[in-house]
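Examining the three-dimensional arrangement
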Amino acid sequence: MRDFSNVKRVVVKIGSSTLTHPSGLLNIRCVEALVKVLADIKNSGRELVLVSSGAQAVGVGKLGLREKPQDMPGKQAVAAIGQCELMYIYDKLFSEYNHVTAQILLTREDVDNPVRKQNLQNTFHRLLEMNILPIVNENDSVATEEIEAGGSFGDNDTLSAVVSVLIEADLLILLSDIDGLYTDNPRTNPDAQLIPCVERLTPEIEAMASGAGSARGTGGMVTKIRAAQLAVSHGAEMLILNGANPNDLYRLLDGEEVGTWFMAPHND
Ligand code: GLU
């Protein structure tokens, strides 16, 4: 039985392909609609942390480049440009609903080092106590491994699961460009079925998630399954929803069956 009505602390991750058009320019309709729903979720008394990708994609769009730079300093430079723009947009839109945002940029070292980890937890807790909305991203401009496949966090699905564990979130919601986990790739197989609930992460489930992400994001389903492994093993429920339908967040919290729910073990 789905009942997320009592969840208090929620982490929402937004991917680059939800935030931007293929050109890298901001998808204003989508971002505005999402910010409105997220602001309302905060108004309902829940604590919210946003993990947002898009620094590199927005940097590419802002500079009018046709694609992401291939070299590491180039990627770091566009991330620095885009991160600034991204926070400007979020700050502006959340301000319209009277919410204050704060930026937290992280590297794997910040979580692995016990002193830095404690500092980070203190900052998150204080921000949440102050009713501020922390917006988190990988610190792509200082940690090269962050934007290399296979290195450190490597992707924001993993980062959002790490943040969920760090702040002991009740619920992690990954907003994707697809409705959830399917039995096969629905873009190539019309018979693929949406899986509403994953009770246990079996090798069969992992096999269904194969395949890379889009050109603008770094994820895909593989990183989402990895995020689920981490989040549910620490007691957080995880959901994959389609970021193109922001009202699905309301439907989810009202107990409707949307997306794919990865159950935390205590629901067994
Ligand atoms: N940190 C990257 C960015 O903001 C995105 C990583 C990801 O999409 O997973 O551009």
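Our subject is the structure that appears above.
Let me begin by describing the structure that accompanies this report. Please read these numbers as outputs of a predicted model, since none were measured by experiment. (Residues numbered from 1 in each chain as written. Predicted model: local features only at pLDDT ≥ 70, side-chain atom pairs only at ≥ 80, totals over all residues. Heavy atoms only, no water.)

**Observations concerning the overall build of the protein chain**
The following threshold applies: Put simply, DSSP marks the helices as runs of H or I at least four residues long and the strands as runs of E at least two long, and each gets a number from the N terminus on. A simple rule labels every residue: compare its accessible area, found with a 1.4 Å probe on the protein chains alone, to the largest value its type can have, and call it buried under 20%, exposed over 50%, or partly exposed in between. Note on contacts: a residue pair is in contact if any heavy atoms of the two residues lie within 4.5 Å. We count Lys and Arg on the positive side and Asp and Glu on the negative side, and we leave His and both chain ends out. By convention, the charge on Lys lies at NZ, on Arg at CZ, on Asp at CG and on Glu at CD.
Assigned secondary structure in the protein chain consists of ten helices and eight strands. Taking the principal axes of the C-alpha coordinates as reference, the protein chain spans close to 45 × 45 × 40 Å. A buried classification covers 54% of the 268 residues belonging to the protein chain. When contacts within the protein chain are restricted to residue pairs at least 6 apart in sequence, long-range pairs at least 24 apart make up 72% of them. Averaging the coordinates of the 23 positive side-chain charges in the protein chain and doing the same for the 35 negative ones gives two points 4 Å apart.

**Let's talk about the packing of helix H2 (residues 28–43) against helix H4 (residues 72–95)**
Cut-off, in case you're wondering: For helices, the fitted axis covers only the stretch in contact; all axes are lines through C-alpha atoms, and the angles between them, taken along N-to-C directions, range from 0 to 180 degrees. Any angle from 65 to 115 degrees is called roughly perpendicular, while one under 35 is roughly parallel, one over 145 is roughly antiparallel, and all others are oblique. Left-handed describes a crossing whose near helix is turned anticlockwise from the far helix through less than a right angle; right-handed describes the clockwise counterpart. Side-chain classes follow a simple rule in which Ala, Val, Leu, Ile, Met, Phe, Trp, Tyr, Cys and Pro form the nonpolar group, Asp, Glu, Lys and Arg form the charged group, and the remainder, Gly included, forms the polar group.
Two elements in contact, H2 and H4, have axes separated by 10 Å at closest approach and are oriented at 55°. One finds that H2 runs oblique with respect to H4. As for the relative orientation of H2 and H4, their crossing is right-handed in sense. Contacts between H2 and H4 involve Val31, Glu32, Val35, Leu38 and Ala39 from the first element and Ile89, Tyr90, Leu93 and Phe94 from the second. Tallied by class, residues from the contact of H2 with H4 come to eight nonpolar, no polar and one charged.

**Considering the packing of helix H7 (residues 156–166) against helix H9 (residues 221–233)**
Put simply, H7 and H9 touch, their axes get as near as 8 Å, and they point 10° apart. Classed by the angle they form, the pair H7 and H9 counts as roughly parallel. Where H7 abuts H9, its residues Asp157, Thr158, Ala161, Val162 and Val165 lie against Thr223, Lys224, Arg226, Ala227, Leu230 and Ala231. Here the contact of H7 with H9 is built from residues that sort into six nonpolar, two polar and three charged.

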